[in-house]
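A structural walkthrough
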Amino acid sequence: MKYLHVSYFVLICNLLSVCAQNQMKEFPIIPRPKSVQVVGGNYETHQINVLVVPAKSEEAIRIGKAIETLLQLPDLKVVKMSGSIFPKSKSITLSLVHHPDQPDYYKLNITKNGIWIQASKPNGWFYALQTLSQMVELSDQFSFKNKMLPYCIIEDEPAFAYRGLHLDVSRHFFPVAFVKNYIDLMSRFKYNTFHWHLTDDQGWRIEIKKFPKLTSVGSIRKSTIIGKPSDFPQKFDSTIYKGYYTQEEIKDIIRYASERFIEIIPEIEMPGHSTAALAAYPEFSCNGKPVDVSNNWGVFNTGQFCTKDTSIWFVKEILNEVCDLFPGKYIHIGGDECPKENWKACENCQAIKRRNNLKTEEDLQSYFIKQVERVLAKKGKTLIGWDEILEGGLAPNAVVMSWRGTEGGIAAAKLKHPVIMCPGTHCYFDHYQSLNPNEPLAIGGYTPLSKTYAFNPIPSELKTEAHKYILGAQGNVWTEYITDENKVWYMTYPRAIALAEVNWTDAANKNYTSFLSRLQYHIPWFKNKNMNITQGMLDIDYSTHSSKEGVVLLLNKPPVEGKILVESTIDGELVSEYLKQDSFILNKEISFKAWYQMENGSLGKPLNLIYHNHLAAGKSIELKETPSPRYFKGDATVLINGIEAPAQKFGGPEWVGMEGKDFNAIIDLGKSDSLKSLKIQFYHSPGSWIYRPNELEISISTDGTNYGSPIKYQISETETQYIQPNIPLPDAIGRYVKIYVKNHGIIEEKLPGAGKGAWLFVGEIEIN
Ligand code: ACM
Ligand code: ZN
């Protein structure tokens, strides 16, 4: 292996990374505690010989025993005490302090008398145990070598009372043992609420004794879509997919969660997303027609309960059982994405509208939810719904889960309703988390770790007096594309760890660089447990722009100490080097891989870059029509940066998307040259309303004013999602190249997006 020759990477600027500050490293505890004082010196824990707990507290004994195991102590003598408790020497002591406003407060004190944990309530002891576990298990700096723990005082409490993580078990089912692992991991990061999405169009997953067909029919689908609904044509497997939890299993999971101070919120979707229930009991839809449990992803017209009295009776009976099963305060009734067409055509629904003086179908949905709230209230439960429950008016005590941005949450807080924030932009862990084209299939979006971390559940536009209505934030794990347990870990972690810190740590005490450094101590812990969590936050992304010298490439590194490693084959030999700069001029053919490597050796995925030098690379380009801001970052030189757009997906910085518009550009090559050919990339994905163009025209000029007669090119039909015609330019000489690509136009009947203007996606324009 030889070292990469500097001439391949011409330094244009040397952005020195911030020097490692010569400061003591902090404990790698996540979420970051409110205050940590390290006193100096270490306590030898093998001296501990007694566990002191308040009398009548089984929880204290259980948590004390867990600390014993963690510290590898022999079976300690348990001393139960009444009244005020202070640590005896050489003890683990758990005691309660009076902090009525801080129910999750704990103070972990490692002193010459051993370990003393004071808490407002038993859950505080449990949080202290999590903090202690991380100190013992993770850090080599503060390691538990020779059974020594650093003398310290950690005082801690969360910023938000509600700290939630969700799991959709309808689209894909996860067995009891996995759900327990999921809960375990939540408790490690001080989550306190598990939102269990138990029903949806694709499967009903909770046993309801009164309606056995909900599971005998509703938990089984006959096939499942392969790939995305936007694929055209759609493909399906022919495999039966099924699964549900019995009530005994659910009780077992509830018990397991409650030992970890986690409350479970069951979600029973209504009135929409209910195809699975209606496959079992079609009589409760508007038209009563039989339907199958859905084998596709999306929002379907087949999946709504009718608003007639018998349908409301049906959901009330279900909810009565659910309320009896789950001891927690909240029941989630969904309420999202309910198409109203069937209601509009239904005599029963229209009669209810008239009877109740309701004007719109939104009012009808609000009527339905209010009926449901009454039954929950009788059972002493509080209703939670997705932010659509605001439409038509909120039920009196409803809690709103704001997912379509924070707007629903803001509106609800202004109405003095409690709010849980989980906007898709920051809290949807089914989104892509890296721009690397080799990421496993995800639903879409782009929610990198840094974005989740930056989330503030309190919107800046909300007045101080309304802040109290924001209970906290939740991460949502929808499983359309999360088919197995490994992928749950990959997609959920570490974003769920970032959100844990969002919920727990005061905004002023959050710092992404510190978070990334602490997180690196946690990664080996996951690896030891064979959990493949992503290191996508270490992936390098890049940007380019044109300059006089050529294409400027900037490698964007994560904000944490580390180095960029590049590897390339030069003159037939593999060469590799740590880069000293992150910005280069590309003006020769090169292909290389670049990784970010942290100080501890952790690596992100490689960035594979192939730079092809051509006449237009690094030159200037003017667009006559503005692309859609969703697929254009504002600099058209991505179209002539020598880097091809990836063939496998149209997201990402290299593709430019025109919504219903033609593409019309002029490239200035800087000087006149003899031109042989023009190659141009187009994407074709009818399911996403992206259509290849049928024709284009190229005109050439030496002065930018007078153009020769256009060269017309017809693009032949193809089913491939990516095409790259190479168009000969016979005897052409010129400096200015005008390219006009006609949009496919209005999409024809029977094709996806019929009647709408097609999208036109353009990638690299290569001129040779
Ligand atoms: C949702 O993502 N439909 C709540
Ligand atoms: Zn109806």
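Residues numbered from 1 in each chain as written. Chains lettered and ligands numbered in written order. Predicted model: local features only at pLDDT ≥ 70, side-chain atom pairs only at ≥ 80, totals over all residues. Heavy atoms only, no water.

**With respect to the pairing of strand E8 (residues 148-156)**
Here is the rule: Should DSSP find at least two bridges between two strands, the strands are taken to pair. Runs of E in the DSSP output that reach at least two residues are strands. Runs of H or I that reach at least four are helices, and both are numbered from the N terminus.
In this structure, strand E2 (residues 35-44) lies alongside E8, joined through seven bridges in antiparallel fashion. Bridged to Asn-42 within E8 is Pro-150. Pairing of strand E6 (residues 106-111) with E8, which is carried by five bridges, proceeds in the antiparallel orientation. Bridging from a neighbouring strand, Tyr-106 pairs with Asp-156 of E8.

**Re the confidence of the model for the protein chain**
As a reminder, the rule being used: Confidence scores here are pLDDT values: one per residue, from the predictor, ranging 0 to 100. The contact rule is simple, with two residues in contact once any of their heavy atoms fall within 4.5 Å.
Taken as a whole, the protein chain shows an average pLDDT of 93; of its residues, 96% reach a score of 70 or greater. Least confident of the elements in the protein chain is strand E1 (residues 10-11), whose mean pLDDT is 35; most confident is strand E10 (residues 193-197), at 99. Every residue in residues 1-24 scores below 50 in pLDDT, and together they form 44 contacts with partners more than four places removed in sequence or on other chains.

**Considerations on the pattern of salt bridges**
The criterion, for reference: We define a salt bridge as a side-chain nitrogen of Lys or Arg found within 4 Å of a carboxyl oxygen belonging to Asp or Glu.
Throughout the structure, instances matching the rule amount to 33 salt bridges. With a closest N to O distance of 2.8 Å, Lys-210 and Glu-317 form a salt bridge. Here Lys-210, found in the loop between strand E12 (203-204) and helix H4 (213-216), pairs with Glu-317, found in helix H7 (residues 309-325); they are 107 residues apart in sequence, far enough to count as distant. Measuring nitrogen to oxygen at the nearest pair gives 3.2 Å for the salt bridge that ties Glu-248 to Lys-251. Placement of the pair is Glu-248 and Lys-251 together in helix H5 (residues 247-259), with a separation of three residues, close to one helical turn.

**Some thoughts on the environment of Lys-329**
Residue position: Lys-329 is located in the loop between H7 and strand E18 (330-334). Placed 171 residues apart in sequence, Lys-329 and Pro-158 show a C-alpha to C-alpha distance of 20 Å. Those residues in contact with Lys-329, other than ones at most four positions away along the chain, are Glu-263, Gly-380, Lys-381 and Thr-382.

**As for the coordination of the zinc ion (ligand 2)**
Operational definition: Note on donors: an N, O or S atom is included if it sits within 2.8 Å of the metal, or within 3.2 Å for Na, K and Ca, and water is never included, so sites can look incomplete. Square planar and octahedral assignments, for four and six donors respectively, both demand that opposite donors be over 155 degrees apart and that all other angles lie between 65 and 115; tetrahedral needs four donors with all angles between 85 and 135 degrees, and anything else is irregular. Throughout this description, buried means an accessible area under 20% of the type-specific maximum (1.4 Å probe, protein chains only), exposed means over 50%, and partly exposed covers the range between.
Coordination of the zinc ion (ligand 2) by the protein comes from Cys-286 (SG), Cys-306 (SG), Cys-346 (SG) and Cys-349 (SG), over a distance range of 2.2 to 2.4 Å. For the zinc ion (ligand 2), the four donor atoms in the first shell make angles of 106 to 115 degrees at the metal, so the coordination geometry reads as tetrahedral. One chain supplies every donor for the zinc ion (ligand 2), spaced along it as C-x19-C-x39-C-x2-C. On the criterion of sequence distance, the pair formed by Cys-306 in the loop between helix H6 (275-280) and H7 and Cys-346 in the loop between helix H8 (341-344) and helix H9 (347-355) is long-range, its members being 40 residues apart. For the pair Cys-306 and Cys-346, a shared accessibility class is recorded, and that class is buried.

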